[in-house]
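# Remarks on the overall topology
Each chain, written out:
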Amino acid sequence: MTAAVTVRFCPACAAEATFVQEYWVARDRHLVLWCASCGLTCTVVLGALVGTEPEH
């Protein structure tokens, strides 16, 4: 059973998200998002934004 994806737009630039992958950890819903417009990669968990950044 697939739930509808609730994150459709990039939280940084508001462009349509290029890639969204959903997975569950216990009762938490995680949405991994990548935006081709601004290059943002992040994970959205229960309304909180958890940013990931490549090593410099």
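Look up: the structure comes first, before these words.
The present account deals with the structure reproduced in this document. (Residues numbered from 1 in each chain as written. Predicted model: local features only at pLDDT ≥ 70, side-chain atom pairs only at ≥ 80, totals over all residues. Heavy atoms only, no water.)

A separate point is the side chain of arginine 29. Note that arginine 29 resides in strand β2 (residues 28–34). Of the polar contacts made by the side chain of arginine 29, one reaches the side chain of glutamate 22; its length is 2.7 Å. (Helix = DSSP H or I, 4+ residues; strand = E, 2+ residues; numbered from the N terminus. Polar contact = N/O pair within 3.5 Å; in protein donor to acceptor, adjacent residues only side chain to side chain.)

If you trace the backbone, proline 11 turns up in the segment before β1 (19–25). On the basis of relative accessibility, which here comes to 46%, the residue proline 11 falls in the partly exposed class. The sequence separation of proline 11 and cysteine 42 amounts to 31 residues, and the corresponding C-alpha distance is 9.2 Å. (Buried < 20%, exposed > 50% of the residue type's maximum accessible area, 1.4 Å probe, protein only.)

Take alanine 12: it is sitting in the segment before β1. For the pair alanine 12 and serine 37, spaced 25 residues apart in sequence, the C-alpha to C-alpha distance is 9.9 Å. When near neighbours in sequence (up to four residues on either side) are disregarded, alanine 12 contacts Cys38 and Leu40. (Contact = heavy atoms within 4.5 Å.)

Sheet analysis places β1 next to β2, joined by seven bridges and oriented antiparallel. The residue bridging glutamine 21 from the neighbouring strand is valine 32, located in β2. What sits between the antiparallel neighbours β1 and β2 is a turn of two residues, in which alanine 26 has the positive phi angle 55 degrees. Taken together, β2 and the strand that follows it, strand β3 (residues 41–45), pair antiparallel across an intervening segment of six residues, in which glycine 39 is found at a positive phi of about 85 degrees. (Pairing = 2+ DSSP bridges.)

Taken as a whole and judged by the stated rule, the model has one salt bridge. Across the salt bridge formed by arginine 29 and glutamate 22, the nearest N and O atoms sit 2.7 Å from each other. With relative accessibility at 19%, the residue arginine 29 sits in the buried group. (Salt bridge = Lys/Arg side-chain N within 4 Å of Asp/Glu carboxyl O.)

All right, on to the state of the cysteines then. The full count for this structure, using the stated rule, is zero disulfides. Between cysteine 13, a free cysteine, and cysteine 35, which holds the nearest cysteine sulfur, the sulfur-to-sulfur gap is 3.7 Å. Assessed through its relative accessible area of 35%, cysteine 13 is described here as partly exposed. Free of any disulfide, cysteine 42 has its nearest cysteine sulfur in cysteine 10, 6.6 Å distant. Here cysteine 42 falls in the buried class, since its relative accessible area comes to 1%. (Disulfide = S-S within 2.5 Å.)

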